[in-house]
Amino acid sequence: MEYLSSRGKYSALSSAEVIKMGISPDGGLFVPDHIPSLDRSDFVLMEPMNYQERASKILSYYLTDFTIEEIEWCVNSAYNTVKFDDRSVAPLVKLDDNVYIQELWHGPTCAFKDMALQILPFLLNASMTKTEEKSEIVILVATSGDTGKAALEGFRDVAGTRIIVFYPEDGVSEIQKYQMITQEGANVYVAAVEGNFDNAQSGVKNIFGNPKFNSQLNSNQMKLSSANSINWGRLLPQIVYYVSAYLELRAKEKIKDEEKINIVVPTGNFGNILAAYYAGRMGVPINKLICASNSNNILTDFIRTGIYDTNREFKKTYSPSMDILISSNLERLLYEITEHDAEKISYWMQELKDKGRYAIDNQTHQRMGASFWADSCSEKETLETIEKVYRTKKYLLDTHTAVAVNVYNKYYAETKDDEMTIIASTASPFKFASSVAKAIMPAEILQGKNEFEILEILSKSTGIDIPRGIKNLDKKEIKHQTVTSPDQMEKTILTFLGLGG
Ligand SMILES: *Cc1c(COP(=O)(O)O)cnc(C)c1O
């Protein structure tokens, strides 16, 4: 299999090359030249497998330049009980007769980002060996909160790599911030950026696209790469858990052959739901992919109208990891549904850059509507959903997953579609403890308490243990205090790397 740029102006590459590069030099995202397809016999074969075996099988369809031993080494180094606190890696929990929650946050940093960022360093390491890479790889990350920590944890002390994370100064939760500024490791650097996530992400994208800056690094035996979901190596491992969830439902005889499922995903950068789309294109019988947004509901509008318009207010919400107006991975979706029309994609992305807005054609919009359904959830509804699900089901949702549950309820109310549904749960409720506590507890109890005291209160009152990745964070030493502005990011990087600046 080869990989193509969604803008069509770069040559086809192997998976090892695209994992190393992260983003295509023409500004596009790398996409597989075809989507491998699974049929009934593949599903029957994979049903009795465990998560690791399923992962190896699915990755092998895409990483055709890797040996099966290399793939198994990556998979087993990432998905084990040292790193994940649940043997099944991504367990399904029943919420209702036809609704299952897939908990994707049993990794070391308590968000679904671990599902990909635990394995990406091994995929990169194997890719570097395979391509006889001599340079050091510098991973550049813009984070809305969860990717940063997951990437730092995944790449810390990985030989031949360094990692630099930029997070929006006022755009992450207290716990997310502490997770990052206390990060240990000899090859890790963290800086806050003034502004919101889009400012940080645009800053990083500009650096990738700056030839002068890149050649300066190259002459120092360094190369940039990305651990954001623009990197194919980040997206690919996410396809696995959707296929696995489907197999699990089959194995438990909750669905029959050919019976379709819905998948609900709380969405920000469109990476996670795009992985579900790929799972569908591979053959998992999906009825609707339900795209759930918070009050930054640009994707709801886009899926409904075909117009993507960033000229709107950026809102800070209870679900900060979804506070995004520029969803990078839409570019891959559009490339797929236009059947690889790189010219159209380039035009729309140029419009987005110049005017902050683009409109897709009718046919593309209709095709999108065949696969996707979208709605959004207000701030008030987010807290109400957490409260109601906790009261009626004794299940504690985080704020992002609550957005998904709320939007699923709206979908069901509108369509009465009672097909089996999987809701992707993207974070542990403890990661967003103060909002979750606010939803289920009287305000007096929480008055004047800081985020870390609230963690304890939440744990006591629900009887759920604080996950080990979050416990005692406030007692750790603060190691990273740099604050920078979007136009000083290059300089900050050079300083971090010891290249002056
Ligand atoms: C990153 C994140 C999301 C959004 O996922 P995308 O792949 O960016 O759409 C949702 N919830 C949580 C908790 C996240 O960390």
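Whatever comes next refers back to the structure up there.
Residues numbered from 1 in each chain as written. Predicted model: local features only at pLDDT ≥ 70, side-chain atom pairs only at ≥ 80, totals over all residues. Heavy atoms only, no water.

A.B. asks: Just to check I follow, could you spell out the pairing of strand β8 (residues 222-226) for this structure?
C.D. replies: The side chains of a regular strand alternate between the sheet's two faces. Counting buried positions over the five residues of β8 gives four, a clear majority of the element. Judged from the five bridges that link them, strand β5 (residues 136-142) and β8 form a sheet pairing that is parallel. By the bridge assignment for β8, Ile139 is matched with Ser225. (Buried < 20%, exposed > 50% of the residue type's maximum accessible area, 1.4 Å probe, protein only. Helix = DSSP H or I, 4+ residues; strand = E, 2+ residues; numbered from the N terminus. Pairing = 2+ DSSP bridges.)

A.B. asks: Just checking my understanding: could you explain the sheet that holds strand β15 (residues 482-484) for this structure?
C.D. replies: What holds strands together in a sheet is hydrogen bonding between their backbones, with the strands either parallel or antiparallel. Reading across the sheet, the five strands line up as β8-β5-β6-β7-β15 and stay open at both edges, with parallel pairing between neighbours. Looking along the sheet, the strands with just one partner apiece sit at the ends: β8 and β15. For this sheet, the mean angle separating the axes of adjacent strands, direction not counted, is 30°. This element, helix α22 (residues 489-496), spans β5, β6 (161-168), β7 (188-193) and β15 of the sheet and lies at about 145° to β6. (Axes fitted to C-alpha atoms, helices over the stretch in contact; angles between N-to-C directions. Contact = heavy atoms within 4.5 Å.)

A.B. asks: Hey, could you run me through the nonpolar core in this one?
C.D. replies: In globular proteins that are soluble, nonpolar side chains generally tend to be buried together. Residues Ile239, Ile261 and Tyr358 are the most contacted members of the largest nonpolar core, which totals 112 residues. When residues in this core are grouped by element, the largest group, 12 residues, is from helix α11 (residues 232-251). For Ile239, the contacting residues outside a window of four places in its chain are Tyr62, Trp232, Ala275, Tyr278, Ala279 and Met282. Residues Leu95, Tyr395, Val405 and Phe452 belong to the second largest nonpolar core, which totals 44 residues. (Core = buried A, V, L, I, M, F, W, Y, C linked by side-chain atoms within 4.5 Å.)

A.B. asks: Is there a simple way to think about the sheet that holds strand β14 (residues 421-425) in this case?
C.D. replies: With mixed pairing, six strands are arranged side by side in an open sheet as β3-β4-β14-β9-β10-β13. Taken across any chain shown, the strands that pair with only one partner, and hence form the sheet edges, are β3 (92-96) and β13 (372-376). Each strand axis lies, on average, 25° off the axis of its neighbour in the sheet, ignoring direction. In terms of strand pairing, strand β9 (residues 261-266) meets β14 through three bridges, oriented parallel. Of the residues in β14, the one forming a bridge with Val264 is Ile423. With respect to the sheet, helix α16 (residues 362-371) is in contact with β10 (286-293) and β13, its orientation differing from that of β10 by roughly 100°.

A.B. asks: Please clarify how the packing of aromatic side chains should be interpreted in this entry.
C.D. replies: How two aromatic rings sit relative to each other is set out by the distance from centre to centre and by the angle between their planes. According to the stated counting rule, one finds 20 aromatic pairs in the structure shown. For the ring pair Tyr408 and Tyr412, a centre distance of 6.5 Å and an interplane angle of 35° mean the geometry is tilted. One end of the pair is Tyr408 and the other is Tyr412, both in helix α18 (residues 399-415) and four residues apart, which spans about a single turn. A relative accessible area of 36% means that Tyr412 is categorised as partly exposed. (Phe/Tyr/Trp six-rings, centres within 6.5 Å; stacked < 30°, edge-to-face > 60°.)

A.B. asks: Looking at this model, I keep getting lost on the site of the ligand. Mind explaining?
C.D. replies: The ligand sits among 15 residues. The nearest are Lys113, Asp146, Gly268, Asn269 and Thr426. With respect to the ligand, the side chain of Thr426 contributes an N or O atom lying 2.8 Å from a nitrogen atom. Coverage of the ligand by the protein chains reaches 98% of its 380 Å² of free accessible surface. Residues that form the shell around the ligand fall into these classes: five nonpolar, eight polar and two charged. (Near = heavy atom within 4 Å. Polar contact = N/O pair within 3.5 Å; in protein donor to acceptor, adjacent residues only side chain to side chain. Areas by Shrake-Rupley, 256 points an atom, 1.4 Å probe, with all protein chains shown as cover. Nonpolar A, V, L, I, M, F, W, Y, C, P; charged D, E, K, R; others polar.)

A.B. asks: In this structure, what is going on with the side chain of Ser229? I would like to understand it.
C.D. replies: Relative to the elements of secondary structure, Ser229 occurs in the loop between β8 and α11. Owing to a relative accessible area of 6%, Ser229 belongs among the buried residues under this scheme. At 2.9 Å, the side chain of Ser229 and the side chain of Asn329 are in polar contact. Not counting chain neighbours up to four residues away, the residues in contact with Ser229 comprise Arg234, Leu235, Asn269, Gly271, Asn329 and Arg332.

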